[in-house]
Amino acid sequence: MYKVGDIFEVTIDKMANRGKGLGRINEQVVFVPYSAPQDVLKVQATKISKNFIDAEIIEILRPSSMRTQAPCPYFTDCGGCHFQHIHYPQQVQLKDQLVKETLLRALGNPENVNLLDPIASPSEWHYRNRIQVHVQNDQIGFHKRNSHSIIPIKQCLIAEPALNSALPSLKITAGIEKIELLLDKNMQFHTRDLNSKGQPTLFSQVNRFANDVLVKLVVDKAVSYTSYSKLFDLYSGDGNFLIALTKALPNIDCRGVELNPGLVKLGREEIRKSKLNARYTISSVENYLETVSIDSHDMIVLDPPRTGCDAKAMMILGSSPRNNVIYVSCEPTTLARDLRLLKETAQKWGLVFRLRSVQTLDMFPQTEHIETVVEFSIDKIDSSSTTH
Ligand SMILES: C[S@@+](CC[C@H](N)C(=O)[O-])C[C@H]1O[C@@H](n2cnc3c(N)ncnc32)[C@H](O)[C@@H]1O
């Protein structure tokens, strides 16, 4: 039995969730942050749980060939980045392996899935168009890892240059503890006091370079399917996909569903300005799906928050045939949970869940976060592929 404080040697086998490397000591799983597969490490146990040990690196005995020098002086003190010590192309490969392993395991190793190559972010540094800084004792910084105290920062290597330039001149007003710095779609700079009431949280994709690739990917997939007349963009935010889809598919009736009225307002303004035909409904997706009937041929795009989709939404979608569904996810564990529920629901209704393709796209270089796009269908049992 191990206890907190014990020091031992471990070899990292692979990457696990939350940006941690996974190794084993006497059959016990050990999670080590800031490690890389093939590292041989001297580590110290920081937490003992029933099925695993958390440990921190004390010494790198034999470094993995994936390692590189992390360029940021705050790396490992600041909790924001997890992978700066790994060469960028390998970060992308590791994230991709993790996603594919997680999904295929959750679905019982389905056959005939098109496992597409991962797509790297066009820029691996200076991509974030939104950062949140904390203010303590007149100093501005990020939260220290696992703590509420702050590390004062001069610049953040994953933030857009315009945000870094604004940091030194940021006005600190008494009582403000958390400020968001952001560049909007027109590259206009804004700050928002995140403590004051009445500040709606408005979602926008954080990496405009990778977002352009993502939008094109979703549009290309949607265009590649034929014989549908309606498209439902569920969790549509301010219309990031909806607007591009409506432009690319002028003869399709495109509908967005979004819970946040502030985002719907932005989306509707853009639709009006661009003279598009898309329509929005302000609703939760789960309630919306109870009220509309979606034809099996209709195209569905899902892009839920990190928490994934509501179980009710999955049970409604899984209970009827669906030809074309694209699910965009920023959290592989909730994606795997949702697809599993879809599969189980489909089975209950005598249908077959068929995962068609999986593709990761790195929206969040240097961090643990992963964006994935999957395509699936819910088929009648006697249709083409019924092997799983
Ligand atoms: C990951 S964002 C995607 C937004 C958009 N597709 C984009 O690319 O910018 C998820 C969106 O889902 C919305 N949302 C969260 N829970 C929801 C729910 N239950 N029903 C509908 N929308 C929801 C959030 O407000 C957010 O705009």
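Residues numbered from 1 in each chain as written. Predicted model: local features only at pLDDT ≥ 70, side-chain atom pairs only at ≥ 80, totals over all residues.

(A) Up close: the nonpolar core. Of all hydrophobic cores here, the largest spans 56 residues; its most connected members are Val218, Leu234, Val285, Val301, Leu302, Ile326 and Tyr327. Once residues lying within four places of it in the same chain are set aside, the contact partners of valine 285 are Leu234, Tyr235, Val257, Cys309, Asp310 and Ala313. Core analysis: the second largest hydrophobic core is formed by 28 residues, Ala36, Cys81, Phe83 and Leu163 among them. (Core = buried A, V, L, I, M, F, W, Y, C linked by C-beta atoms within 7 Å. Buried ≥ 20, exposed ≤ 12 C-beta atoms within 10 Å, placed from the backbone. Contact = placed C-beta atoms within 7 Å.)

(B) Main features of the sheet that holds strand β2 (residues 20-25). Spatially, the 5 strands close up into a barrel ordered β1-β2-β3-β5-β4, and their pairing is mixed. The average undirected angle you get between the axes of adjacent strands in this sheet is 50°. With 3 bridges connecting them, strand β3 (residues 28-33) and strand β5 (residues 52-62) associate as parallel partners. Bridge pairing links valine 29 to phenylalanine 52 in β5. (Pairing = 2+ DSSP bridges. Helix = DSSP H or I, 4+ residues; strand = E, 2+ residues; numbered from the N terminus. Axes fitted to C-alpha atoms, helices over the stretch in contact; angles between N-to-C directions.)

(C) Representation of unusual backbone geometry within the structure. In the Ramachandran plot, asparagine 112 falls in the positive-phi region, its phi being about 60° despite a non-glycine side chain. Take asparagine 112: it is sitting in the loop between α1 (88-106) and β6 (114-115). Its identity as a non-glycine residue notwithstanding, asparagine 146 has a phi of 55°, on the positive side. In this structure, asparagine 146 sits in the loop between β8 (139-143) and β9 (150-152).

(D) Up close: the site of the ligand. Near the ligand you find 20 residues, and of these Tyr235, Gly237, Asn240, Leu259 and Asp303 are the closest. Of all the secondary structure elements, the ones that give two or more residues to the shell around the ligand are α4 (240-248), β13 (253-258) and α6 (285-291). Taken together, the residues of the shell around the ligand sort by class into 10 nonpolar, 6 polar and 4 charged. (Near = placed C-beta within 6 Å. Nonpolar A, V, L, I, M, F, W, Y, C, P; charged D, E, K, R; others polar.)

(E) Region of interest: the domain arrangement of the chain. Domain annotation for the chain reports domain 1 (1-67), domain 2 (89-122 + 206-380) and domain 3 (130-193). A separation of 33 Å is found between the C-alpha centroids of domain 1 and domain 3. (Domains from an automatic or database assignment.)

(F) Quick look at the pairing of strand β4 (residues 40-48). With 5 bridges connecting them, strand β1 (residues 7-15) and β4 associate as antiparallel partners. Counterpart to isoleucine 7 in the pairing with β4 is glutamine 44. Taken together, the 8 bridges between β4 and β5 define a ladder with antiparallel strand orientation. Bridge pairing in β5 links leucine 41 to isoleucine 60. The turn linking β4 back onto β5 is made up of 3 residues.

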